[in-house]
Amino acid sequence: MSDDGLPRNEALGLQTLAVREALPRSQYGEHSEALFLTSSFVHPDAQTAARRFAGDEEGFLYSRFSNPTVASYEQRLAALEGTQACMATGSGMAAILLLAMALLKAGDHVICSQGVFGSTVNLFGRELARFGVQTTFVPQTDVAQWAAALRPNTRLLFAETPSNPLTEVCDIAALAELAHGAGAELAVDNCFCSPALQRPADFGADWVVHSGTKYLDGQGRVIAGAVCGRAAPIRDKLLPVQRTVGMSLSPFNAWVVLKGMETLGVRMAAHSAAALSMAQWLQAHPAVGRVFYPGLPSHPQHALAMRQQKAGGAVLSFELRADDAQQARQRAFHVIDHTRICSITANLGDTKTTITHPATTTHGRLREEQRQAAGIGQGLIRLAVGLENIDDLQRDLARGLDSLG
Ligand SMILES: *Cc1c(COP(=O)(O)O)cnc(C)c1O
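Conventions we followed
- Once a new chain begins, its residue numbering starts again from 1 and follows that chain's sequence as written.
- Reporting in this predicted model follows two pLDDT cut-offs: at least 70 for local features of residues, and 80 or more for side-chain atom pairs to be given and counted; totals over whole chains, interfaces and linings ignore these cut-offs and use all residues.
- Side-chain measures were taken over the full set of non-hydrogen atoms in the model, leaving aside hydrogen atoms and water.
- One heavy atom within 4 Å of a molecule or strand is enough for the residue carrying it to be called near that molecule or strand.
- Distance and chemistry together define a polar contact, namely a pair of N or O atoms within 3.5 Å, with one atom able to donate a hydrogen and the other to accept it when in protein, and with adjacent residues in sequence counting only for side-chain atoms on both sides.
- Per-residue accessibility takes into account occlusion by the displayed protein chains alone, with areas from the Shrake-Rupley method and a 1.4 Å probe.
- For this scheme, ten residues count as nonpolar: Ala, Val, Leu, Ile, Met, Phe, Trp, Tyr, Cys and Pro. Four count as charged, namely Asp, Glu, Lys and Arg, and the remainder, Gly too, count as polar.
- Runs of E in the DSSP output that reach at least two residues are strands. Runs of H or I that reach at least four are helices, and both are numbered from the N terminus.
- Here, expected helix span is obtained from the residue count minus one, scaled by 1.5 Å.
- For this analysis, residues touch if any pair of their heavy atoms sits within 4.5 Å.
- Aromatic rings from Phe, Tyr and Trp, taking only the six-membered ring of Trp, are treated as a pair when their centres fall within 6.5 Å; an angle between ring planes under 30 degrees marks them as stacked, one over 60 as edge-to-face, and anything in between as tilted.
- Residue exposure (1.4 Å probe, protein chains only): buried if accessible area is under 20% of the type maximum, exposed if over 50%, otherwise partly exposed.
- In this scheme, Lys NZ or Arg CZ marks a charge over a ring once it lies within 6 Å of the ring centre and within 35 degrees of the ring normal.
- Here the rule is simple: two strands pair whenever DSSP picks up at least two bridges between them.
- Lines are fitted to the C-alpha atoms to define the axes, a helix being fitted only along its stretch in contact, and any angle between axes, read from their N-to-C directions, falls within 0 to 180 degrees.

Some thoughts on the site of the ligand
Turning to step 1, where the next piece is worked out: Taken together, 13 residues lie around the ligand, and Gly 92, Asp 189, Ser 211, Thr 213 and Lys 214 are the ones closest in.
Turning to step 2, where the next piece is worked out: At 2.8 Å from an oxygen atom of the ligand is found a main-chain nitrogen or oxygen belonging to Gly 92.
Turning to step 3, where the next piece is worked out: Here Ser 211 contributes a side-chain N or O atom positioned 2.7 Å from an oxygen atom of the ligand.
Turning to step 4, where the next piece is worked out: Burial of the ligand by the protein amounts to 91% of the accessible area it has alone, namely 390 Å².
Turning to step 5, where the next piece is worked out: Tallied by class, residues from the shell around the ligand come to six nonpolar, four polar and three charged.

Looking at helix 12 (residues 325-337)
Turning to step 1, where the next piece is worked out: The terminal C-alpha atoms of helix 12 lie 18 Å apart, and with 13 residues this matches the ideal 18 Å at 1.5 Å per residue to within 8%.
Turning to step 2, where the next piece is worked out: Considering only its buried residues, helix 12 is in contact with strand 9 (315-320), strand 10 (343-344), strand 11 (354-356), strand 12 (380-384) and helix 14 (390-401).
Turning to step 3, where the next piece is worked out: The backbone nitrogen of Gln 326 has a side-chain oxygen 3.2 Å away, supplied by the residue at the start of helix 12, namely Asp 324.

A look at the packing of aromatic side chains
Turning to step 1, where the next piece is worked out: Counted according to the given criterion, the structure contains three aromatic pairs.
Turning to step 2, where the next piece is worked out: Relative to Phe 158, the ring of Phe 124 has its centre 5.3 Å away and its plane inclined at 55°; by these criteria the two rings are tilted. Placement of Phe 124 in helix 5 (residues 118-127) and of Phe 158 in strand 4 (residues 154-160) is noted, with a sequence separation of 34 residues between them. In terms of burial, Phe 124 and Phe 158 fall into one category: buried.
Turning to step 3, where the next piece is worked out: In this structure, Lys 214 is placed above the aromatic ring of Phe 117, and the distance from its NZ or CZ to the ring centre is 5.0 Å.

What to know about unusual backbone geometry
Turning to step 1, where the next piece is worked out: Note that the residue after Thr 161, namely Pro 162, is joined by a cis bond; omega there is -5°.
Turning to step 2, where the next piece is worked out: By secondary structure assignment, the location of Pro 162 is in the loop between strand 4 and helix 7 (172-181).
Turning to step 3, where the next piece is worked out: Even without being a glycine, Thr 167 presents a positive backbone phi close to 55°.
Turning to step 4, where the next piece is worked out: With a phi angle near 65°, Ser 194 is a residue other than glycine that sits in the positive phi range.

Here we look at the sheet that holds strand 2 (residues 109-113)
Turning to step 1, where the next piece is worked out: On the basis of which strands lie adjacent, the open sheet formed by seven strands has the order 1-7-6-5-4-2-3 and mixed pairing. In this open sheet, the two strands that pair with only one neighbour each are strand 1 (85-89) and strand 3 (134-138). When strand polarity is set aside, the average angle formed by the axes of neighbouring strands in this sheet is 20°.
Turning to step 2, where the next piece is worked out: The sheet contact formed by strand 2 and strand 3 spans five bridges and is parallel. The residue of strand 3 that forms the bridge with His 109 is Gln 134.
Turning to step 3, where the next piece is worked out: Against the sheet, helix 5 engages strand 2, strand 3 and strand 4, with an angle of about 135° to strand 3.

Topic: the pairing of strand 9
Turning to step 1, where the next piece is worked out: For strand 9, a buried count of five out of six residues is recorded, marking the element as mostly surrounded by other parts of the structure.
Turning to step 2, where the next piece is worked out: Pairing of strand 8 (residues 288-292) with strand 9 involves three bridges; the strand directions are antiparallel. Bridge pairing links Val 291 to Phe 318 in strand 9.
Turning to step 3, where the next piece is worked out: Two strands pair when backbone bridges link them, and strand 9 and strand 12 are joined in this way by five bridges, in the antiparallel orientation. For Leu 316, the partnering residue across the bridge sits in strand 12 and is Leu 383.

Listed below in structure tokens is the structure:
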């Protein structure tokens, strides 16, 4: 396989990297990324095989931990995130588990935002607790509470910004400083923004985790994940774990996401413009109370968000005006059920707009007081704005909003 031939002495823009970084080319000169759908690789002789297995010579061995298509996915994503390296995983959750297995041991302590993805809460709060890793959950935006939670055995701070569904933004640079001052590391889940809008490593994050399932693919086709960070710990800490446990990304899924990444910059700009327009339109609607979107000047962390992010992203939430929780839920269901274009699903990161009632779906397993504490009311609706025409989407929501009793 030949080099991708990019001018390495020039700083290339995100869309150039998204299209051309790590474009592998075999002897056939194919123009589109080749898909190496193979479990293992053949060696020319026993001596070469021995050298490759010992790590004395470059070469692909076995697709649990080394495959050319997956390597291209890793190299392209690292280039987009501005990190030295990346390790692909079979899902976003596998990425977080791989990072935890590589960095933590029984007796270690983690500080995690309360605003992270539900399965991340379960992973740290329940599954890793069984292996002796303790986690303290703290409010997303209050750095003082993160500081107060530090212990001598704190090894990892874990954040996700903006949060789901209320789009709370945490200060990555402040958390990185806090972590480093305490001899710990900061990991940021960058699913919602993708590197097209936010590069956590630029603000001092040591690790960036991804669900490639979301905006990296961008078309809702496959499950994928990745951990981005410095080359040495990825080689020395993550690779041995991945080689042993095999939370691997399928070459086919890597290939699909590689193709998705080609349009990442233009998609995220279009998603963000549509979401901002939708947020402004919703804010002006009489049936709507608060709108949560980092791109709105009314957002509590708007200034911070605009320092950290190039744009607000695709995801927003809004609260319907109502007299009580029962009426709020009724109204939310009315609006959701009157859409004809939006998909009623908890997924996001797709060209298709999705509409969700968090209180009864993504956050349905929380107890009512936990939900209240998280600010997820019965009148809250989350939208992940897709790439349909914005006028059509606004009419789709107006159908329900304008007919509320
Ligand atoms: C979807 C998601 C994950 C988990 O990713 P999977 O690929 O579904 O395992 C993690 N974090 C965030 C923010 C997500 O949206």
